[in-house]
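# Observations on the three-dimensional arrangement
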Amino acid sequence: MKRDLMDILACPMCKGDLELTVEEENDEIITGTLYCAKCDERYPIEDGIPNLLPPDLRE
Amino acid sequence: MKKKQLEILLEGVQGFYKPDLRREQYLTPAPIAAELLHFAHMRGDLSGTVCDLGCGTGILAIGAKLLGAEKVIGVDSDLGALRIARANAKNLGVDVEFICCDVMDFAIHEHRSINPTVIMNPPFGAQIKGSDRPFLRKALEIGKTIYSLHNVGSMEFVSKYIQPYAIITDCAKMGFPMKRTFEFHKKDIEMVNVELYRLERREKDAKNKG
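Right, let's walk through the structure included here. (Residues numbered from 1 in each chain as written. Chains lettered and ligands numbered in written order. Predicted model: local features only at pLDDT ≥ 70, side-chain atom pairs only at ≥ 80, totals over all residues. Heavy atoms only, no water.)

### Quick word on the sheet that holds strand β1 (residues 19-25) of chain A
Residue and element names in this part refer to chain A. Spatial strand order, β1-β2-β3-β4: 4 strands in an open sheet with antiparallel pairing. At either end of the open sheet lies a strand with only one pairing partner, and these are β1 and β4 (49-50). For β1 and strand β2 (residues 29-36), the ladder comprises 6 bridges, and the chain directions are antiparallel. Of the residues in β2, the one forming a bridge with Glu 19 is Tyr 35. (Pairing = 2+ DSSP bridges. Helix = DSSP H or I, 4+ residues; strand = E, 2+ residues; numbered from the N terminus.)

Structure follows, in structure tokens:
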């Protein structure tokens, strides 16, 4: 994902803000985390794809 | 780009590795994808942000980007399909964002005044009755203009379902040459007739549609 995707991304549960942590980035973010402080939930970014599925439905 | 050129490019898009029957996963055939996209492009609806709900391996999303959309986002709950979608986009040299999320849970941040055009080939409800409805609800929640493929004869149901929030402004009939995907398909290629609807949201807030 590109950084500017943060402009529109919202927490899938509360629809609020997500905080981005980047672990690997070239022209886009490859690995990282999206964190919702309100829900205290972390969503992984892997292979450039943010995964907003509930934790129990992730691969 | 001409429709035929787009169709030829989209023929290169790879489909599902293991299609899931319950989710009605099959690759939208390139001629149908090209037809939908060309139609939307001609109406001037593909210039800004475009969302493909239930994007699967990305054929509609990638096509929208090939036609010059500013930003394209594909949403699907199948991470494996999205990995193929990313590879498809890379092969065709376009930047498309893919988000792994249940379509029902997907939200555009409420502080942003973005009204994307939604393009989608939702499940027709052939396997699980009514499975096209949550897609219509989500499309109306996030988008102002929606292009959606349905079974022939769905017009009455869809127009009733979306009122008073939206209306059908256009309908195009298409033949849908579906390749054998599931075992119960009897022929290698089955012609399935579909209808493309262009919906326009009228009310500002369609979020309470139940």
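After that view of the structure, there is still more to cover.
### Comments concerning the pattern of salt bridges
Residue and element names in this part refer to chain B. Tallying each qualifying case throughout the model produces 15 salt bridges over all chains. Put simply, Lys 138 and Glu 141 hold a salt bridge, and the shortest N to O gap is 3.2 Å. One end of the pair is Lys 138 and the other is Glu 141, both in helix α5 (residues 133-142) and 3 residues apart, which spans about a single turn. We note a salt bridge from Arg 202 to Glu 200, for which the minimum N-O separation is 3.2 Å. Shared partners join several salt bridges into a network, and the residues in it are Asp 45, Arg 198, Glu 200 and Arg 202. (Salt bridge = Lys/Arg side-chain N within 4 Å of Asp/Glu carboxyl O.)

### Some words on the interface of chain A and chain B
By a widespread convention, an interface's size corresponds to the accessible area lost as its parts come together. Counting from both sides, the interface comprises 23 residues of chain A and, opposite them, 21 residues of chain B. Between chain A and chain B the total buried area reaches about 2,000 Å² when both faces are included, carbon and sulfur atoms providing 54% of it. Of all residues in chain A, A:Ile8, A:Lys15 and A:Ile49 bury the most surface against chain B, accounting for 29% of the area lost on that side. Inspection of the region where chain A meets chain B yields 4 salt bridges. Here B:Lys71 ties to A:Asp4 by a salt bridge, and the two come within 2.9 Å at their closest N and O atoms. (Contact = heavy atoms within 4.5 Å. Buried area = accessible area lost by both parts, 1.4 Å probe.)

### A look at α5(B)
Among the 10 residues that make up α5(B), 7 are buried, leaving the element largely enclosed by the rest of the structure. Regarding α5(B), the residues found buried are B:Pro134, B:Phe135, B:Leu136, B:Lys138, B:Ala139, B:Leu140 and B:Ile142. (Buried < 20%, exposed > 50% of the residue type's maximum accessible area, 1.4 Å probe, protein only.)

### Concerning unusual backbone geometry
Here B:Gln163 and B:Pro164 are connected by a cis peptide whose omega angle stands at 5 degrees. With respect to the helices and strands, the residue B:Pro164 is situated in the loop between α6 (155-162) and β6 (166-179). Positive phi, normally seen in glycine, also occurs at A:Lys15, with a value near 65 degrees. Here A:Lys15 lies in the segment before β1. Although it is not a glycine, A:Asp40 adopts a positive phi angle of roughly 50 degrees. Its place among the elements puts A:Asp40 in the loop between β2 and β3 (41-46). We classify A:Asp40 as exposed; its relative accessible area is 53%.

### Concerning the nonpolar core
Formed by 42 residues in total, the largest nonpolar core has its most connected members in B:Leu10, B:Leu36, B:Leu37, B:Phe98, B:Ile119 and B:Leu149. If one sorts the elements of this core by residue count, helix α2 (residues 30-42) of chain B sits on top with 7 residues. Counting 37 residues, the second-largest nonpolar core is a separate cluster that includes A:Ile8, A:Ile29, B:Cys101 and B:Val158. (Core = buried A, V, L, I, M, F, W, Y, C linked by side-chain atoms within 4.5 Å.)

### A closer look at the packing of aromatic side chains
All names here are of chain B. Counted by the stated rule, this structure contains 2 aromatic pairs over all chains. Considering the side-chain rings of Phe 39 and Tyr 147, the 6.2 Å spacing of their centres and the 80 degrees angle between planes classify their relative orientation as edge-to-face. Of this pair, Phe 39 sits in helix α2 while Tyr 147 sits in strand β5 (residues 145-151); the two residues are 108 residues apart in sequence, bridging distant segments of the chain. For Phe 39, a relative accessible area of 26% corresponds to the partly exposed category. Ring centres of Phe 157 and Tyr 161 lie 5.5 Å apart, and the angle between their planes is 25 degrees; this geometry places the pair in the stacked category. Within this pair, Phe 157 and its partner Tyr 161 are both found in helix α6, separated by 4 residues, close to a single helical turn. (Phe/Tyr/Trp six-rings, centres within 6.5 Å; stacked < 30°, edge-to-face > 60°.)

### Things to note about the pairing of β2(A)
All names here are of chain A. With 7 of 8 residues buried, β2 lies mostly within the body of the structure. Between β1 and β2, which pair antiparallel one after the other, the connecting turn spans 3 residues. With 5 bridges joining them, β2 and β3 adopt antiparallel strand pairing. Within β3, the residue paired with Thr 33 across the bridge is Pro 44. The loop that links β2 with its antiparallel partner β3 comprises 4 residues; one of these, Asp 40, has a positive phi angle of about 50 degrees.

Function-wise, these values are silent; they only describe arrangement.
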